[in-house]
Amino acid sequence: MKIGIVGAGNIGKTLSRTLSAAGHEVKIANSRGPETIPSEAVATGARAVHAVDAVRDVEVVILSMPFHRMPAFAAALAEAPADAVVIDTSNYYPLRDQRIDAIEAGEVESVWVTEQIGRPIVKAWNAIGSASFADKGAPKGTPGRIAIPVAADDADARALGMMLVDQTGFDGVDAGPLSQSWRQQPGAPCYCTDLTSEEMHDALAAAEKERLPKRRDLSAAVIAERVGDASTSPDSEFGVRITRAIFM
Ligand SMILES: NC(=O)c1ccc[n+]([C@@H]2O[C@H](COP(=O)([O-])OP(=O)(O)OC[C@H]3O[C@@H](n4cnc5c(N)ncnc54)[C@H](OP(=O)(O)O)[C@@H]3O)[C@@H](O)[C@H]2O)c1
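Remember, it's a predicted structure, so these values are computed and weren't measured experimentally. Residue positions are counted from 1 within each chain, in the order its sequence is given. Residue-level local features of this predicted model are given only where pLDDT is at least 70; pairs of side-chain atoms are given and counted only at 80 or more, and the full residue set underlies all totals for whole chains, interfaces and linings. Only hydrogens and water are removed before side-chain values are computed, so all heavy atoms of the structure are retained for them.

Draft legend 1. Spatial organisation of the nonpolar core. Take the buried Ala, Val, Leu, Ile, Met, Phe, Trp, Tyr and Cys residues and link them wherever side-chain atoms come within 4.5 Å; each set so joined is a nonpolar core. Burial status follows relative accessibility: with a 1.4 Å probe on protein chains alone, a residue under 20% of its type maximum counts as buried, one over 50% as exposed, and anything between as partly exposed. Ranked by size, the top nonpolar core spans 34 residues in total, and within it Val6, Val61, Leu63, Phe73, Leu77 and Ile117 carry the most contacts. Numbering goes from the N terminus for both helices and strands, where a helix is a DSSP run of H or I of at least four residues and a strand is a run of E of at least two. With 4 residues, helix H3 (residues 70–77) is the largest single contributor of residues to this core. Apart from residues no more than four positions distant in its own chain, Leu63 is found in contact with Val6, Met70, Phe73, Leu77, Val86, Ile87, Asp88, Thr89 and Ile117. In what follows, a contact means two residues having at least one pair of non-hydrogen atoms within 4.5 Å.

Draft legend 2. Fine view of the sheet that holds strand S7 (residues 147–152). A pair of strands counts as paired when DSSP detects no fewer than two bridges linking them. On the basis of which strands lie adjacent, the open sheet formed by 8 strands has the order S3-S2-S1-S4-S5-S6-S7-S8 and mixed pairing. What marks the edges here is a single partner per strand, and that holds for strand S3 (47–48) and strand S8 (171–174). Here 4 bridges tie S7 to S8, and the two strands are oriented parallel to one another. Bridging across to S8, Val150 finds its partner in Asp174. For helices, the fitted axis covers only the stretch in contact; all axes are lines through C-alpha atoms, and the angles between them, taken along N-to-C directions, range from 0 to 180 degrees. Across the sheet, H3 touches strand S1 (2–6), strand S4 (60–63) and strand S5 (85–88), and the angle it forms with S4 is around 160°.

Draft legend 3. Looking closely at the packing of helix H10 (residues 212–227) against helix H11 (residues 236–247). At a minimum axis distance of 10 Å, the contact between H10 and H11 shows a crossing angle of 150°. When the axes of H10 and H11 are compared, the pair comes out roughly antiparallel. H11 is crossed by H10, and the crossing has right-handed handedness. Residues Arg215, Arg216, Leu218, Ser219, Val222, Ile223 and Arg226 of H10 touch H11, and the partners they reach there are Phe238, Arg241, Ile242, Ile246 and Phe247. As a working rule, the residues Ala, Val, Leu, Ile, Met, Phe, Trp, Tyr, Cys and Pro are called nonpolar, Asp, Glu, Lys and Arg charged, and the rest polar, with Gly in that last group. Across the contact of H10 with H11, the residue classes break down as 7 nonpolar, 1 polar and 4 charged. An angle below 35 degrees is read as roughly parallel, one above 145 as roughly antiparallel, one from 65 to 115 as roughly perpendicular, and any other as oblique. Whether a crossing is left-handed or right-handed is set by the direction in which the near helix is turned from the far one by less than a right angle, anticlockwise for left-handed and clockwise for right-handed.

Draft legend 4. Representation of helix H9 (residues 197–206) in the model. For H9, the complete set of buried residues consists of Met200, Ala203 and Leu204. Looking straight down H9, one finds its buried side chains confined to an arc of 100°; they lie on one side. H9 presents Glu198, Asp202 and Ala205 as exposed residues on the side facing more than 90 degrees away from its buried surface. Where H9 is buried, its residues contact S7 and S8. Here the arc refers to the directions that run from the helix axis out to each C-beta atom.

Draft legend 5. Representation of the site of the ligand in the model. Taken together, 25 residues lie near the ligand, and Ala8, Ser31, Arg32, Met65 and Ser130 sit nearest. Measuring from an oxygen atom of the ligand, one finds a backbone N or O atom of Met65 at 2.8 Å. Here an oxygen atom of the ligand and a side-chain polar atom of Thr89 are 2.9 Å apart. Starting from 900 Å² of accessible surface for the ligand in isolation, the protein chains cover 82%. Tallied by class, residues from the shell around the ligand come to 9 nonpolar, 13 polar and 3 charged. For each residue, the test is whether any non-hydrogen atom lies within 4 Å of the molecule or strand; if one does, the residue is near. Pairing of N or O atoms within 3.5 Å defines a polar contact, subject to two protein rules: one partner must be a possible hydrogen donor and the other a possible acceptor, and residues neighboring in sequence count only if both atoms are side-chain atoms. Accessibility throughout is a Shrake-Rupley quantity obtained with a 1.4 Å probe, and a residue counts as covered only by protein chains that appear here.

This is how it looks when you write it as C-alpha coordinates:
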(Lines give C-alpha, C1' and ligand atoms only; values in the text may rest on other atoms or scores of the structure.)
Protein backbone atom coordinates (compact mmCIF):
# COMPACT_ATOMS: atom_id res chain seq x y z
CA MET A 1 0.00 0.00 0.00
CA LYS A 2 1.01 3.64 -0.31
CA ILE A 3 1.47 4.96 3.23
CA GLY A 4 2.36 8.47 4.39
CA ILE A 5 3.69 8.87 7.93
CA VAL A 6 3.67 12.32 9.53
CA GLY A 7 6.02 12.37 12.48
CA ALA A 8 9.47 10.79 12.50
CA GLY A 9 10.06 10.60 16.22
CA ASN A 10 10.12 7.66 18.63
CA ILE A 11 7.09 5.96 17.11
CA GLY A 12 7.12 7.29 13.54
CA LYS A 13 10.62 6.08 12.74
CA THR A 14 9.78 2.51 13.81
CA LEU A 15 6.53 2.62 11.83
CA SER A 16 8.51 3.71 8.80
CA ARG A 17 11.14 1.02 9.22
CA THR A 18 8.72 -1.86 9.82
CA LEU A 19 6.06 -0.95 7.26
CA SER A 20 8.69 -0.42 4.53
CA ALA A 21 10.25 -3.77 5.42
CA ALA A 22 6.79 -5.34 5.08
CA GLY A 23 6.73 -4.18 1.46
CA HIS A 24 4.72 -0.96 1.63
CA GLU A 25 5.58 2.16 -0.32
CA VAL A 26 6.25 4.52 2.58
CA LYS A 27 6.82 8.27 2.72
CA ILE A 28 7.77 9.92 6.01
CA ALA A 29 7.86 13.55 7.10
CA ASN A 30 8.43 15.72 10.14
CA SER A 31 7.87 19.44 10.67
CA ARG A 32 11.41 20.56 9.75
CA GLY A 33 12.02 18.98 6.37
CA PRO A 34 13.22 15.74 4.76
CA GLU A 35 16.92 16.39 5.37
CA THR A 36 16.28 16.12 9.13
CA ILE A 37 14.57 12.71 9.03
CA PRO A 38 16.64 10.19 11.05
CA SER A 39 18.50 7.72 8.85
CA GLU A 40 17.02 4.72 10.65
CA ALA A 41 13.54 5.84 9.51
CA VAL A 42 14.52 5.42 5.87
CA ALA A 43 16.91 2.47 6.21
CA THR A 44 14.43 -0.06 4.81
CA GLY A 45 13.25 1.91 1.78
CA ALA A 46 10.97 4.69 2.99
CA ARG A 47 11.30 8.09 1.32
CA ALA A 48 11.79 11.28 3.36
CA VAL A 49 9.47 14.05 2.13
CA HIS A 50 7.87 17.31 3.23
CA ALA A 51 4.75 16.90 5.39
CA VAL A 52 2.39 18.17 2.71
CA ASP A 53 3.75 15.54 0.29
CA ALA A 54 3.43 12.75 2.86
CA VAL A 55 -0.36 12.95 2.75
CA ARG A 56 -0.76 13.25 -1.04
CA ASP A 57 -1.46 10.22 -3.26
CA VAL A 58 -1.54 7.71 -0.41
CA GLU A 59 -4.03 5.10 0.75
CA VAL A 60 -3.13 5.43 4.42
CA VAL A 61 -1.94 8.43 6.45
CA ILE A 62 -0.44 7.74 9.86
CA LEU A 63 -0.24 10.75 12.17
CA SER A 64 2.44 10.29 14.83
CA MET A 65 2.94 13.70 16.35
CA PRO A 66 2.28 15.35 19.71
CA PHE A 67 -1.44 15.51 20.48
CA HIS A 68 -1.60 19.30 20.65
CA ARG A 69 -0.13 19.64 17.14
CA MET A 70 -3.17 17.97 15.54
CA PRO A 71 -5.45 21.02 15.08
CA ALA A 72 -2.77 22.93 13.17
CA PHE A 73 -2.22 19.96 10.87
CA ALA A 74 -5.85 19.87 9.70
CA ALA A 75 -5.19 22.18 6.73
CA ALA A 76 -2.30 20.05 5.43
CA LEU A 77 -4.32 16.87 5.94
CA ALA A 78 -7.03 18.25 3.66
CA GLU A 79 -4.60 17.44 0.81
CA ALA A 80 -4.97 13.71 1.53
CA PRO A 81 -7.27 11.73 -0.76
CA ALA A 82 -10.83 11.67 0.59
CA ASP A 83 -10.79 7.89 0.84
CA ALA A 84 -7.40 7.60 2.55
CA VAL A 85 -7.61 5.91 5.94
CA VAL A 86 -6.16 8.14 8.68
CA ILE A 87 -4.51 6.38 11.61
CA ASP A 88 -3.44 8.26 14.73
CA THR A 89 -0.90 7.17 17.36
CA SER A 90 -1.28 10.13 19.68
CA ASN A 91 -1.90 10.44 23.42
CA TYR A 92 -2.73 13.43 25.59
CA TYR A 93 -0.18 14.37 28.24
CA PRO A 94 -1.11 17.72 29.78
CA LEU A 95 2.49 18.52 30.71
CA ARG A 96 3.49 18.31 27.04
CA ASP A 97 0.25 19.22 25.29
CA GLN A 98 -0.91 22.08 27.50
CA ARG A 99 -4.25 21.71 29.19
CA ILE A 100 -7.10 20.96 26.80
CA ASP A 101 -10.39 21.68 28.55
CA ALA A 102 -12.50 19.23 26.53
CA ILE A 103 -10.17 16.34 27.36
CA GLU A 104 -9.96 17.39 31.00
CA ALA A 105 -13.78 17.32 31.01
CA GLY A 106 -13.70 13.70 29.86
CA GLU A 107 -13.91 13.81 26.05
CA VAL A 108 -12.38 10.69 24.54
CA GLU A 109 -8.99 11.62 23.02
CA SER A 110 -9.63 10.00 19.63
CA VAL A 111 -13.01 11.72 19.34
CA TRP A 112 -11.33 15.08 20.00
CA VAL A 113 -8.71 14.36 17.32
CA THR A 114 -11.43 13.44 14.83
CA GLU A 115 -13.18 16.74 15.51
CA GLN A 116 -9.95 18.74 15.21
CA ILE A 117 -8.76 17.24 11.94
CA GLY A 118 -12.19 16.81 10.38
CA ARG A 119 -11.61 13.14 9.48
CA PRO A 120 -12.51 9.86 11.11
CA ILE A 121 -9.47 8.11 12.51
CA VAL A 122 -8.24 4.69 13.44
CA LYS A 123 -6.50 4.77 16.82
CA ALA A 124 -3.51 2.41 16.81
CA TRP A 125 0.05 2.08 18.13
CA ASN A 126 -0.78 4.59 20.89
CA ALA A 127 -0.64 1.95 23.62
CA ILE A 128 2.84 0.52 23.05
CA GLY A 129 5.92 2.18 24.50
CA SER A 130 8.40 3.28 21.87
CA ALA A 131 11.18 1.04 23.20
CA SER A 132 8.93 -2.03 23.18
CA PHE A 133 7.71 -1.07 19.72
CA ALA A 134 11.23 -0.78 18.38
CA ASP A 135 12.60 -3.94 19.98
CA LYS A 136 9.85 -6.45 20.75
CA GLY A 137 8.10 -7.08 17.44
CA ALA A 138 7.85 -10.77 16.52
CA PRO A 139 6.44 -12.88 13.68
CA LYS A 140 2.76 -13.79 13.83
CA GLY A 141 2.21 -16.91 15.95
CA THR A 142 5.24 -16.35 18.19
CA PRO A 143 4.28 -17.43 21.74
CA GLY A 144 3.84 -14.38 23.98
CA ARG A 145 3.64 -11.98 21.03
CA ILE A 146 2.68 -8.52 22.35
CA ALA A 147 -0.69 -7.06 21.35
CA ILE A 148 -1.73 -3.54 20.39
CA PRO A 149 -5.37 -2.35 20.58
CA VAL A 150 -6.97 -0.83 17.48
CA ALA A 151 -10.16 1.27 17.66
CA ALA A 152 -12.22 2.82 14.87
CA ASP A 153 -15.86 3.40 14.04
CA ASP A 154 -15.56 1.91 10.56
CA ALA A 155 -15.06 -1.86 10.71
CA ASP A 156 -13.08 -2.01 7.45
CA ALA A 157 -10.72 0.76 8.59
CA ARG A 158 -10.29 -1.01 11.94
CA ALA A 159 -9.47 -4.27 10.13
CA LEU A 160 -6.91 -2.45 8.01
CA GLY A 161 -5.36 -0.97 11.14
CA MET A 162 -5.14 -4.42 12.71
CA MET A 163 -3.50 -5.83 9.58
CA LEU A 164 -0.88 -3.07 9.60
CA VAL A 165 -0.24 -3.56 13.31
CA ASP A 166 0.37 -7.24 12.59
CA GLN A 167 2.88 -6.29 9.90
CA THR A 168 4.81 -4.20 12.41
CA GLY A 169 5.27 -7.31 14.57
CA PHE A 170 2.36 -7.20 17.03
CA ASP A 171 -1.10 -8.77 17.38
CA GLY A 172 -3.79 -6.23 16.51
CA VAL A 173 -6.69 -6.47 18.97
CA ASP A 174 -10.14 -5.18 18.01
CA ALA A 175 -10.88 -2.51 20.63
CA GLY A 176 -14.22 -1.45 19.14
CA PRO A 177 -15.46 2.04 18.23
CA LEU A 178 -13.74 5.31 19.10
CA SER A 179 -16.25 5.98 21.88
CA GLN A 180 -14.65 3.05 23.72
CA SER A 181 -11.06 3.97 22.94
CA TRP A 182 -10.58 5.64 26.36
CA ARG A 183 -9.89 2.01 27.38
CA GLN A 184 -6.51 2.29 25.62
CA GLN A 185 -5.59 5.79 26.80
CA PRO A 186 -2.71 6.57 29.18
CA GLY A 187 -3.44 5.19 32.64
CA ALA A 188 -5.46 2.22 31.36
CA PRO A 189 -4.44 -1.37 32.19
CA CYS A 190 -3.58 -2.13 28.54
CA TYR A 191 -1.51 1.04 28.08
CA CYS A 192 2.16 0.29 27.48
CA THR A 193 2.02 -2.82 29.67
CA ASP A 194 3.14 -5.24 26.90
CA LEU A 195 0.25 -7.70 27.14
CA THR A 196 -0.60 -10.62 24.87
CA SER A 197 -3.86 -10.48 22.91
CA GLU A 198 -5.57 -12.74 25.45
CA GLU A 199 -4.47 -10.50 28.32
CA MET A 200 -5.37 -7.41 26.30
CA HIS A 201 -9.05 -8.35 26.07
CA ASP A 202 -9.28 -8.62 29.87
CA ALA A 203 -7.32 -5.40 30.32
CA LEU A 204 -9.63 -3.45 27.98
CA ALA A 205 -12.65 -4.73 29.90
CA ALA A 206 -11.07 -3.85 33.27
CA ALA A 207 -10.39 -0.17 32.49
CA GLU A 208 -12.04 2.43 34.75
CA LYS A 209 -12.32 5.76 32.98
CA GLU A 210 -12.32 8.09 35.99
CA ARG A 211 -9.04 6.63 37.31
CA LEU A 212 -6.99 7.08 34.14
CA PRO A 213 -5.79 10.71 34.43
CA LYS A 214 -4.45 10.28 37.95
CA ARG A 215 -2.66 7.05 37.02
CA ARG A 216 -1.27 8.67 33.85
CA ASP A 217 0.12 11.59 35.84
CA LEU A 218 1.60 9.31 38.51
CA SER A 219 3.49 7.28 35.90
CA ALA A 220 4.68 10.42 34.10
CA ALA A 221 6.03 11.77 37.39
CA VAL A 222 7.88 8.54 38.21
CA ILE A 223 9.34 8.31 34.71
CA ALA A 224 10.39 11.97 34.72
CA GLU A 225 12.12 11.44 38.05
CA ARG A 226 14.01 8.49 36.55
CA VAL A 227 15.01 9.92 33.17
CA GLY A 228 15.02 13.58 34.19
CA ASP A 229 12.76 14.84 31.44
CA ALA A 230 9.07 14.17 30.84
CA SER A 231 9.57 14.03 27.06
CA THR A 232 12.20 11.25 27.10
CA SER A 233 10.87 7.72 26.71
CA PRO A 234 12.16 5.22 29.28
CA ASP A 235 13.76 1.93 28.32
CA SER A 236 11.15 -0.79 27.94
CA GLU A 237 12.06 -2.80 31.00
CA PHE A 238 11.67 0.17 33.36
CA GLY A 239 8.70 1.63 31.48
CA VAL A 240 6.73 -1.62 31.53
CA ARG A 241 7.49 -2.25 35.21
CA ILE A 242 6.12 1.20 36.09
CA THR A 243 3.03 1.02 33.91
CA ARG A 244 2.14 -2.47 35.15
CA ALA A 245 2.52 -1.38 38.76
CA ILE A 246 0.37 1.74 38.36
CA PHE A 247 -2.16 0.91 35.64
CA MET A 248 -3.06 -2.73 36.29
N1 LIG B 1 7.04 7.78 22.83
C2 LIG B 1 6.22 6.77 23.09
O3 LIG B 1 6.59 5.81 23.81
C4 LIG B 1 4.84 6.76 22.49
C5 LIG B 1 4.14 5.57 22.49
C6 LIG B 1 2.88 5.50 21.87
C7 LIG B 1 2.32 6.66 21.34
N8 LIG B 1 3.00 7.83 21.42
C9 LIG B 1 2.32 9.02 20.90
O10 LIG B 1 2.63 9.10 19.51
C11 LIG B 1 2.85 10.48 19.15
C12 LIG B 1 4.28 10.61 18.70
O13 LIG B 1 5.11 10.27 19.78
P14 LIG B 1 6.70 10.27 19.66
O15 LIG B 1 7.22 9.85 20.97
O16 LIG B 1 7.09 9.53 18.42
O17 LIG B 1 6.94 11.84 19.47
P18 LIG B 1 8.32 12.59 19.12
O19 LIG B 1 9.46 11.66 19.28
O20 LIG B 1 8.28 13.86 19.88
O21 LIG B 1 8.16 12.91 17.57
C22 LIG B 1 7.13 13.74 17.11
C23 LIG B 1 7.29 13.91 15.63
O24 LIG B 1 6.18 14.67 15.15
C25 LIG B 1 6.70 15.63 14.22
N26 LIG B 1 5.77 16.74 14.10
C27 LIG B 1 5.29 17.55 15.07
N28 LIG B 1 4.46 18.47 14.54
C29 LIG B 1 4.44 18.24 13.21
C30 LIG B 1 3.80 18.87 12.13
N31 LIG B 1 2.99 19.92 12.31
N32 LIG B 1 4.01 18.39 10.89
C33 LIG B 1 4.83 17.33 10.69
N34 LIG B 1 5.47 16.68 11.69
C35 LIG B 1 5.28 17.15 12.94
C36 LIG B 1 8.03 16.03 14.82
O37 LIG B 1 8.79 16.67 13.85
P38 LIG B 1 9.89 17.76 14.26
O39 LIG B 1 10.83 17.08 15.22
O40 LIG B 1 10.53 18.12 12.96
O41 LIG B 1 9.13 18.88 14.89
C42 LIG B 1 8.56 14.65 15.21
O43 LIG B 1 9.15 14.01 14.12
C44 LIG B 1 2.56 11.31 20.40
O45 LIG B 1 1.24 11.78 20.38
C46 LIG B 1 2.77 10.32 21.53
O47 LIG B 1 2.00 10.64 22.67
C48 LIG B 1 4.27 7.90 21.95
